[in-house]
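In case you want the letters, here they are:
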Amino acid sequence: SVVSSVPSVFSEILDQIAGRVSVDTLVFAGEALPGSLVERARAAFPGVRVVNGYGQTETYYVSQFLLSDGQDRIGGAVAPVGSPLDCVRAHVLGEGLLPVPPGVPGELYVAGASVTRGYRDSPGLTAERFVPDRFGPAGARMYRTGDLVRWDREGRLEYVGRGDAQVKIRGLRIEPGEVEAALTAHPGVAQAAVVVHEGDAGTKQLVGYVVPTRTTGQADDPNGSGRSHLDLTAGVSVPELRRFVSGRLPEYMVPSAFVVLDRLPLAPNGKLDRKALPAPVFKGETYREPSSEAEKVLAAVFAEVLGADRVGVDDDFFAVGGDSIRSIQVVSRARARGVEVTPREIFQHRTVASLAAVSAGRTVATAVLEELEGGGVGFQPLLPISRYLLELGGG
């Protein structure tokens with residue numbers, strides 16, 4: 001009556017055991033628990049109790065989030081971890097080991113009687129992870145988990161991701177767990193993983209891997225090769241997914257490419273094997289040659305900036321590997337060849353054909369005036385290069 005599993009493994013077997021076994025309690029641990037998986041489990045096993053167990057071997061620490069079938073839906077994309085046990089204290093700290101306000105992500109430190117003495121025959125690692133407890137009595141220590149969490153309004157911990165999984169692209173820090181949470185919030189996505197792909201030229205791009213939810217009525221392939229790919233991908237399309245994520249995340253956090261998989265590769269311990277994820281393929285629509293002079297210029301500039309052999313007039317700039325920095329390069333290089341477009345228009349129109357149409361007959365002065373039209377006074381986020389320079393420190 002009790003099933004204990006890593007979320008990624010249980011997501012694989014859920015459809016196979018639904019209706020065949022009786023489950024009273026589901027216990028998840030080892031990974032972040034997607035809210036979508038909780039909802040799928042509740043639909044498959046009405047009345048089931050879900051336990052989100054969380055802890056570290058170094059602290060014997062377990063916090064639990066319980067959810068029964070009669071409770072409301074989970075508010076976020078990831079189920080809360082819960083509250084610490086009475087014998088331990090949980091501190092969510094930021095820079096300078098200062099507590100952060102509720103709702104703000106910080107690193108989790110665990111203190112109390114359950115914290116172990118350290119790692120056997122590893123004094124360096126022990127000193128790095130077991131640090132003085134500034135909130136406890138003299139000589140007390142707390143364990144630095146490396147997990148990013150935050151307090152919610154009800155005083156529960158929410159898991160955000162691993163601190164060492166944080167990546168930086170074009171000077172901007174990105175937490176892959178936040179992007180994965182946005183992906184799994186889509187009703188057609190069962191699982192998601194986000195990694196950074198480094199191209200041949202050393203450019204880094206965010207790639208999202210998704211496993212669609214399985215639709216009812218699927219049948220196994222009579223040839224024995226498993227469920228059909230069309231059935232698996234019926235619940236989500238890449239353009240729809242891009243629009244969905246773009247409405248929930250800033251542009252720099254939206255993956256440059258999406259890869260739809262039948263399943264995520266797993267390591268022997270049941271957790272995601274990121275090294276086994278396939279390399280993304282940045283591809284556009286069926287190739288259509290440019291016809292007008294403006295289309296020829298823009299297609300050549302797109303290909304040059306993206307490092308592609310060719311780009312068709314119907315290819316979406318961002319679907320074939322473009323981003324905000326490359327959009328600025330397109331503007332400057334197209335202008336040098338007599339075609340005037342603005343960065344805003346690249347986000348709005350995206351294809352060579354559409355950009356060529358809006359740029360027809362435009363001069364440099366006209367482009368500048370159109371870009372400034374409707375401007376005013378207000379908050380202006382720092383550009384990526386400005387953020388990068390600030391992170392370097394100095395005066």
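Figured I'd write up the structure that's included with this text. Because the structure is a prediction, the values reported are computed rather than measured. (Residues numbered from 1 in each chain as written. Predicted model: local features only at pLDDT ≥ 70, side-chain atom pairs only at ≥ 80, totals over all residues. Heavy atoms only, no water.)

With that settled, consider the layout of surface pockets. By volume, the largest pocket is sized at about 1100 Å³. Taken together, 45 residues make up the lining of the largest pocket; nearest its centre are Gly30, Glu31, Ala32, Tyr159 and Arg162. The element best represented in the lining of the largest pocket is strand β12 (residues 189–198), accounting for six residues. (1 Å grid on protein atoms, 1.4 Å probe; cavity = no way out; pocket = protein on both sides within 12 Å on 5 of 7 lines; lining within 4 Å. Points joined across faces, edges and corners; volume = space filled by probe spheres on them. Helix = DSSP H or I, 4+ residues; strand = E, 2+ residues; numbered from the N terminus.)

Among the secondary structure elements, leucine 241 is positioned in helix α6 (residues 238–246). Considered as a pair, leucine 241 and valine 189 are 52 residues apart in the sequence and their alpha carbons are 9.1 Å apart. In this structure, leucine 241 is in contact with Leu183, His186, Val189, Val210, Val236 and Phe258, ignoring residues within four places of it in sequence. (Contact = heavy atoms within 4.5 Å.)

On to the pattern of salt bridges, then. Summed over all chains, the structure comprises 13 salt bridges. The salt bridge partner of arginine 150 is glutamate 158, with a shortest N-O separation of 3.2 Å. Notably, a salt bridge pairs arginine 335 with glutamate 340, separated by 2.7 Å at the nearest N-O pair. Looking at arginine 335, the relative accessible area reads 35%, which means it is partly exposed. Glutamate 340 sits in the buried class, given a relative accessible area of 4%. Linked by salt bridges that have partners in common, Glu107, Arg129 and Arg144 make up one network. (Salt bridge = Lys/Arg side-chain N within 4 Å of Asp/Glu carboxyl O. Buried < 20%, exposed > 50% of the residue type's maximum accessible area, 1.4 Å probe, protein only.)

The next thing to look at is the pairing of strand β13 (residues 204–212). The side chains of a regular strand alternate between both faces of the sheet. Along β13, eight of the nine residues are buried, which leaves the element largely enclosed by surrounding structure. As paired strands, β12 and β13 are joined by nine bridges and run antiparallel to one another. In the sheet register, alanine 193 faces β13, and the bridge partner there is tyrosine 209. Here β13 runs beside strand β14 (residues 257–260); their pairing, made up of four bridges, is parallel. If you follow glycine 208 over to β14, its bridge partner there is phenylalanine 258. (Pairing = 2+ DSSP bridges.)

Although it is not a glycine, leucine 97 adopts a positive phi angle of roughly 55°. Among the secondary structure elements, leucine 97 is positioned in the loop between β5 (88–93) and β6 (106–112). Positive phi, normally seen in glycine, also occurs at arginine 350, with a value near 75°. Structurally, arginine 350 is set in the loop between α9 (343–349) and α10 (352–358).

Of all hydrophobic cores here, the largest spans 23 residues; its most connected members are Leu298, Phe302, Phe317, Val330 and Ile346. Every element with two or more residues in this core is listed here: α7 (293–306), α8 (324–336) and α10. Here this core takes eight residues from α7, the largest share from any one element. Not counting residues within four places of it along the chain, the set of residues in contact with isoleucine 346 comprises Phe317, Phe318, Ser327, Val330, Val331 and Leu355. Judged by nonpolar contacts, the second largest core, of 17 residues, contains Ile174, Val194, Phe244 and Phe258. (Core = buried A, V, L, I, M, F, W, Y, C linked by side-chain atoms within 4.5 Å.)

With 14 residues, α7 ought to run about 20 Å at 1.5 Å a step, and its terminal C-alpha atoms sit 20 Å apart, in line with that. All of the buried residues along α7 are Glu295, Val297, Leu298, Ala299, Val301, Phe302, Ala303, Val305 and Leu306. (Expected span 1.5 Å × (residues − 1).)

Before going further, it helps to examine the sheet that holds β12. Within a beta sheet, neighbouring strands are joined by backbone hydrogen bonds and run either parallel or antiparallel to one another. Taken in spatial order, the three strands of this open sheet run β12-β13-β14, and their pairing is mixed. Where the open sheet ends on each side, the last strands, each with one partner, are β12 and β14. Neighbouring strand axes in the sheet, compared pairwise and without regard to direction, differ in orientation by 25° on average. Packing of α6 onto the sheet brings it into contact with β12, β13 and β14, and relative to β14 it is tilted by some 130°. (Axes fitted to C-alpha atoms, helices over the stretch in contact; angles between N-to-C directions.)

Everything listed here is a matter of coordinates, which is why it stays silent on function.
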